[in-house]
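# Report on the structure
Residue strings, one per chain:
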Amino acid sequence: MSPHNRDNRTAQRLTTRRSVVLALVLALTAVVLIFILYEIVERTWLVDTDMQLLRRLHIARGIGSSVVAAMLAGWVIMRNAPPLLASVATEDEWFEQATVGQQKPEVNYASWFIRMRWIAVVVAATFVITCVRIVPLLPGTVLWPLLLTLGVLAGSNVCYMFVSARGVWNRGFLQVQIYSDLVVLMVLLHFSGGIENPLSVIMLLHVIIAGIILTRWQCYMVAVVGGILFGLLALAEATHLVDHYTLEIIPHVASDERVQHAAHEPLYVSVHVVLQSSLLFLVAYFVTAVTQRLRMNEVQLKRMASRALAESQLLERSLDTTGAALRVLGPDLRPRWSNTRWQAWFGGSGSGSSMIERLDGAESAARKTFRDGRTRQTELGADETVACGPEVPGGDPRCFQITTAPLRDAAGDVQQVVELAQDITEQKQTQSQLIRAGQLAAVGELAGQVAHEVNNPIAIIGAKSRLLLSDQRDEMSDSIAEELGKIIDLSDRVARIAQGLLSYCRPSGAARTQLDIRVPVRNALAMIEQPANSAGVQIVTNLSHDLPSVHANQQEMEQVFLNLVLNALDAMPHGGTLTITARHERSPSDGGGAVTVVVEDNGCGVAASARDQVFRPFFTTKKLGRGTGLGLSICQGLIASHGGKITLTSQEGQGTQVTVTLPGATGSGPQGEPHGEEADSGRR
């Protein structure tokens with residue numbers, strides 16, 4: 001049993017106990033109030049009233065107080081009791097129960113039976129006391145047998161409550177209750193007038209209930225058992241096997257100082273038994289016929305609900321597969337239906353609240369569509385001033401395209417509005433990248449032309465300055481020589497920038513051959529070995545011996561790795577460790593696989609806001625005058641021209657890792673060690 005069901009049943013038992021106690025308290029309170037009010041009226045206005053009239057008023061007081069007490073007790077118990085036929089508060093709850101079917105109807109029936117039995121005990125006890133003590137319709141000798149029988153009924157109800165609390169919910173349990181109630185009813189009829197008692201029609205109620213909650217044949221069996229019990233009671237009274245107790249409201253004929261009872265007349269008994277049995281079977285027939293039709297309709301409704309649920313789930317899965325969110329709005333602009341993706345995108349609060357305001361605000365597209373019936377497309381983000389919307393768990397901003405369209409009825413009037421949302425973040429990013437690529441292409445072309453025009457004059461300026469400094473040094477002052485040195489340095493810097501622009505903007509025409517990637521790596525490390533030692537940077541290399549050749553230009557590869565190791569040195573001004581790793585990435589689809597070179601440092605790292613921009617031209621995180629912002633851009637262009645890729649990962653304050661991947665040359669195998677060296681793995 002699940003914790004939820006256990007809690008529900010515990011709450012149900014507590015409610016039942018409170019209802020019974022409250023019913024008894026209200027019944028006793030009502031009786032006491034009626035007697036007190038009657039005593040006040042009698043002592044104030046009925047002092048000289050005739051005794052015969054007072055006796056009748058006392059009888060009316062007893063009957064009235066009994067009826068009021070029974071009605072109050074029944075109202076309290078029924079107020080907290082579920083209906084016999086399980087009803088559902090809302091259409092959504094019925095749909096859920098019809099499709100899921102978690103709650104069995106026997107649970108509701110058994111609970112209803114127990115509550116109704118308490119009402120029967122209270123009402124029957126009230127009438128027994130009234131008919132024996134207040135209005136002498138029955139002899140006093142039947143009071144205790146009747147009360148004892150009602151006690152048995154109450155005790156059996158306690159047993160039923162205990163059994164139901166243990167989770168025994170089935171139709172057999174319900175049949176036991178119906179048959180035991182029929183036996184108790186026969187005993188009550190015997191002590192209250194036998195078959196002459198008009199309350200024998202209560203047996204029809206048992207058949208009606210059986211027809212509702214049991215199967216057709218089980219209902220007929222209840223009718224058979226009821227007819228047999230009634231016939232046995234009639235036979236026992238007619239043959240004087242048991243005593244017949246007189247019910248005063250039934251007229252009796254006196255003959256020879258003896259009261260003639262109809263229950264002793266064979267003709268009356270036979271006709272009454274036949275009529276009672278016929279009524280039981282007729283009621284069973286009509287109730288089961290109607291119930292069977294209702295059950296068939298319920299089965300059809302459940303099938304329709306299951307089919308509708310399956311179609312709804314299919315639609316939702318289809319929408320989830322396509323990555324679309326959908327919702328339907330009513331005339332009051334309240335959602336009638338939405339899929340899970342819509343709820344995930346727009347159902348939250350916080351950063352998405354501004355989007356919800358624009359979706360459902362006074363100037364929303366849905367409101368306008370209701371007014372003019374036009375289809376609209378809008379783009380939605382968290383802020384109108386930016387292109388994208390709120391941040392998702394991945395941290396990326398999102399943009400949505402909302403298509404709002406009307407749903408019309410047969411007359412062409414707009415009854416509902418459907419909104420379809422699509423995530424167009426990638427499209428926006430691609431569009432932005434295309435625009436930027438076009439801008440960069442134009443700037444690159446212009447920069448190449450400018451660099452070409454600037455390169456020659458700068459080369460002449462640098463050459464002339466060097467010539468003056470070498471030939472005329474003795475004839476010039478130290479200040480002039482110093483200024484010429486600055487001119488040479490600045491002209492060299494401008495020349496490097498111009499050469500970098502040309503390398504970035506124009507494809508390289510250098511020859512490419514099969515190359516051992518360890519050669520340019522070692523050459524680059526050799527160039528920075530002295531600055532690394534001066535800065536206290538330890539170089540660790542791990543170059544695998546089974547690397548395949550790559551089809552590349554050695555000078556360009558040296559330029560790439562030199563840029564990367566220089567950036568690493570700049571990130572460790574107070575010393576650190578520079579690690580170079582080269583490994584063979586084997587691929588089952590490509591015999592050559594790929595060569596991966598990782599340049600890793602434990603320096604200052606790159607800020608999160610700058611990681612997406614490090615490959616942009618002229619972007620640098622170095623101090624003014626320390627870098628041109630072209631190093632990584634040139635590296636990316638050179639690696640891309642070789643069919644490879646370069647990526648950067650970094651944690652601020654922990655270091656940076658740059659990974660270069662180049663395709664292995666087709667048909668190349670592992671390279672031997674050049675110059676007879678061992679596999680390069682060590683420290684410098």
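Along each chain, the written sequence defines residue order, and numbers are assigned to residues from 1. Totals for whole chains, interfaces and linings use every residue, but because this is a predicted model, local features are given only for residues with pLDDT of at least 70 and side-chain atom pairs only at 80 or more, for both listing and counting. Values shown for side chains rest on all heavy atoms present in the structure; no hydrogens or waters enter the calculation.

Attention shifts here to the packing of aromatic side chains. Side-chain rings of Phe, Tyr and Trp (the six-membered ring for Trp) are treated as a pair once their centres are within 6.5 Å; stacked means planes under 30 degrees apart, edge-to-face means over 60, and tilted covers the remaining angles. Under the definition given, this model contains four aromatic pairs. Measuring from centroid to centroid gives 5.5 Å for F191 and Y245, while their planes differ by 35°, and the two rings are tilted. Taken together, the positions of F191 in helix α6 (residues 171–191) and Y245 in the loop between α8 (216–238) and β1 (253–255) put the pair 54 residues apart, joining distant regions of the chain. Judged by centre distance (5.3 Å) and plane angle (70°), the rings of Y285 and F286 are edge-to-face. Secondary structure is summarised from DSSP: a helix means a run of H or I of at least four residues, a strand means a run of E of at least two, and numbering begins at the N terminus for each.

This part covers the sheet that holds strand β4 (residues 335–338). On the basis of which strands lie adjacent, the open sheet formed by five strands has the order β4-β3-β7-β6-β5 and antiparallel pairing. Sheet topology places β4 and β5 (376–380) at the edges, where each strand pairs with a single neighbour. With strand direction ignored, the average angle separating the axes of adjacent strands in the sheet is 20°. In this scheme, strands are said to pair when DSSP sees at least two bridges between them. Relative to strand β7 (residues 414–423), strand β3 (residues 324–329) runs antiparallel, the two being bridged by six bridges. Note that in β7 the partner of V328 across the bridge is V418. Contacts: residue pairs with any heavy atoms within 4.5 Å of one another. For helices, the fitted axis covers only the stretch in contact; all axes are lines through C-alpha atoms, and the angles between them, taken along N-to-C directions, range from 0 to 180 degrees. Contacting β3, β5, β6 (400–408) and β7, helix α12 (residues 365–372) runs over the sheet at an angle of about 145° to β7.

Time to look at the pattern of salt bridges. The term salt bridge refers to a pairing of a side-chain nitrogen on Lys or Arg with a carboxyl oxygen on Asp or Glu at a separation within 4 Å. Tallying each qualifying case throughout the model produces eight salt bridges. The partner of K302 in a salt bridge is E298, with the nearest N and O atoms 3.7 Å apart. Taken together, the residues span about one helical turn, with K302 and E298 both in helix α9 (residues 266–322) at a distance of four residues. Taking the shortest distance from any N to any O, the salt bridge between E419 and R327 comes out at 2.7 Å. Of this pair, E419 sits in strand β7 while R327 is found in strand β3, placing the two residues 92 residues apart along the sequence. Across the pair, R327 and E419 agree in class, each one buried. For each residue, the accessible area found with a 1.4 Å probe, counting protein chains only, is set against the maximum for its type, and the residue is called buried under 20%, exposed over 50%, and partly exposed in between.

Core analysis: the largest hydrophobic core is formed by 54 residues, its most contacted members being V207 and I213. Elements supplying a minimum of two residues to this core: α4 (105–134), α5 (143–165), α6, α7 (202–213), α8 and α9. Sequence-distant contacts of V207, defined by excluding residues within four places in its chain, comprise C219, V222, A223, L280, V283 and A284. We call a set of buried Ala, Val, Leu, Ile, Met, Phe, Trp, Tyr and Cys residues a nonpolar core when their side-chain atoms join them within 4.5 Å. I528, L547, V550 and L578 belong to the second largest nonpolar core, which has 41 residues in total.

Under the 1.5 Å per step criterion, the end-to-end length of α5 is 33 Å for 23 residues, consistent within 8% with the ideal 33 Å. Buried within α5 are the following residues: L143, L146, T149, L150, L153, A154, S156, N157, Y160, M161 and S164. Any helix carries an expected span of 1.5 Å times its number of residues minus one.

So, on to the pairing of β3. For a regular strand, the rule is simple: side chains alternate between the two faces of the sheet. Counting buried residues in β3 gives six out of six residues, a clear majority hidden from the surface. Covered by surrounding structure in β3 are A324, L326 and V328 together with A325, R327 and L329, the residues of both alternating faces. Sheet analysis places β3 next to β4, joined by three bridges and oriented antiparallel. Bridge pairing links R327 to S338 in β4. The antiparallel hairpin formed by β3 and β4 contains five residues in its connecting segment, where L333 sits at a positive phi of about 65°.

The next thing to look at is the pairing of β6. Summarising the sheet, β5 and β6 pair through five bridges and their orientation is antiparallel. Counterpart to T378 in the pairing with β6 is I402. Note: β6 against β7, nine bridges, orientation antiparallel. Among the inter-strand pairings, I402 is bridged to a residue of β7, identified as A421. Connecting β6 to the antiparallel partner β7 that follows it, the hairpin turn spans five residues, and G412 within it adopts a positive phi of roughly 90°.

So, on to the packing of α8 against α9. Closest axis-to-axis distance for the α8/α9 pair is 9 Å, and the angle between their directions is 165°. Classified by the interaxial angle, the pair formed by α8 and α9 is roughly antiparallel. Seen along the crossing, α8 lies across α9 with a hand that is right-handed. Touching R216, C219, Y220, A223, V224, G226, G227, F230, G231, A234 and A238 of α8 are V269, H272, V273, Q276, S277, L280, F281, A284, Y285, T288, A289 and Q292, all from α9. Amino acids outside the nonpolar list (Ala, Val, Leu, Ile, Met, Phe, Trp, Tyr, Cys, Pro) and the charged list (Asp, Glu, Lys, Arg) are all regarded as polar, and Gly is one of them. Partitioned by chemical class, the residues of the contact of α8 with α9 number 14 nonpolar, eight polar and one charged. We call two directions roughly parallel when the angle between them is under 35 degrees, roughly antiparallel when it is over 145, roughly perpendicular when it lies between 65 and 115, and oblique otherwise. Each crossing gets its handedness from the near helix: less than a right angle anticlockwise from the far helix is left-handed, clockwise is right-handed.

Overall, the predicted model of the protein reaches an average pLDDT of 76, with 73% of residues at or above 70. Low pLDDT (under 50) marks residues 382–395, which in the prediction has 30 contacts with non-local residues, meaning those over four places away or in another chain. Confidence of the predictor at the level of single residues is captured by pLDDT, which takes values from 0 to 100. Counting contacts from residues 673–679, a segment whose pLDDT is below 50, to residues more than four positions away or on other chains yields 11 contacts.

Moving on to the packing of helix α16 (residues 554–570) against helix α17 (residues 631–641). When two helices pack together, their arrangement is given by the angle between the helix axes and the distance between those axes. In contact at an axis separation of 10 Å, α16 and α17 are set at 145° when each is read in the N-to-C sense. α16 and α17 meet at a crossing whose hand is left-handed. Mapping the contact onto sequence places E556, M557, Q559, V560, N563, L564 and N567 in α16 and G631, L632, I634, C635, L638 and I639 in α17. Residue classes in the contact of α16 with α17 are distributed as eight nonpolar, four polar and one charged.

Bringing unusual backbone geometry into the picture now. Look at H240: it is not a glycine, yet its phi comes out positive at around 60°. Residue position: H240 is located in the loop between α8 and β1. The phi angle at L333 is positive, at roughly 65°, despite the residue not being glycine. Tracing the backbone shows L333 in the loop between β3 and β4.

Attention shifts here to the environment of R317. On the secondary structure map, R317 appears in helix α9. It is 9.5 Å that separates the C-alpha atoms of R317 and T340, two residues lying 23 residues apart in sequence.

Let us look at α8. Residue pairs spaced three or four apart in an α-helix point in one direction, given the helix's 3.6 residues per turn. Taking 1.5 Å as the rise per residue, α8 with 23 residues should run 33 Å; its terminal C-alpha atoms sit 33 Å apart, in good agreement. Within two residues after α8, H240 carries a phi angle of roughly 60°, on the positive side.

The next point concerns the side chain of E196. Tracing the backbone through its elements, the reader meets E196 in the loop between α6 and α7. Overall, the relative accessible area of 6% leaves E196 in the buried class. The term polar contact refers here to a pair of N or O atoms within 3.5 Å; inside protein, the definition further demands a hydrogen-donor-capable atom paired with an acceptor-capable atom, and it admits residues adjacent in sequence only when both atoms are side-chain atoms. A polar contact of 3.5 Å, which involves the side chain of E196, links it to the side chain of H244.

Patch membership needs two things, relative accessible area over 30% and no salt bridge, and members are linked within 9 Å if like-charged or within 5 Å if nonpolar (Val, Leu, Ile, Met, Phe, Trp, Tyr). The Shrake-Rupley method, run with a 1.4 Å probe, gives the accessible areas here. Residue values count only the displayed protein chains as cover. Taken together, the side chains of L199, V201, I202, L205 and I208 present a nonpolar region at the surface, about 400 Å² in accessible area. Relative to the helices and strands, L199 is located in the loop between α6 and α7.

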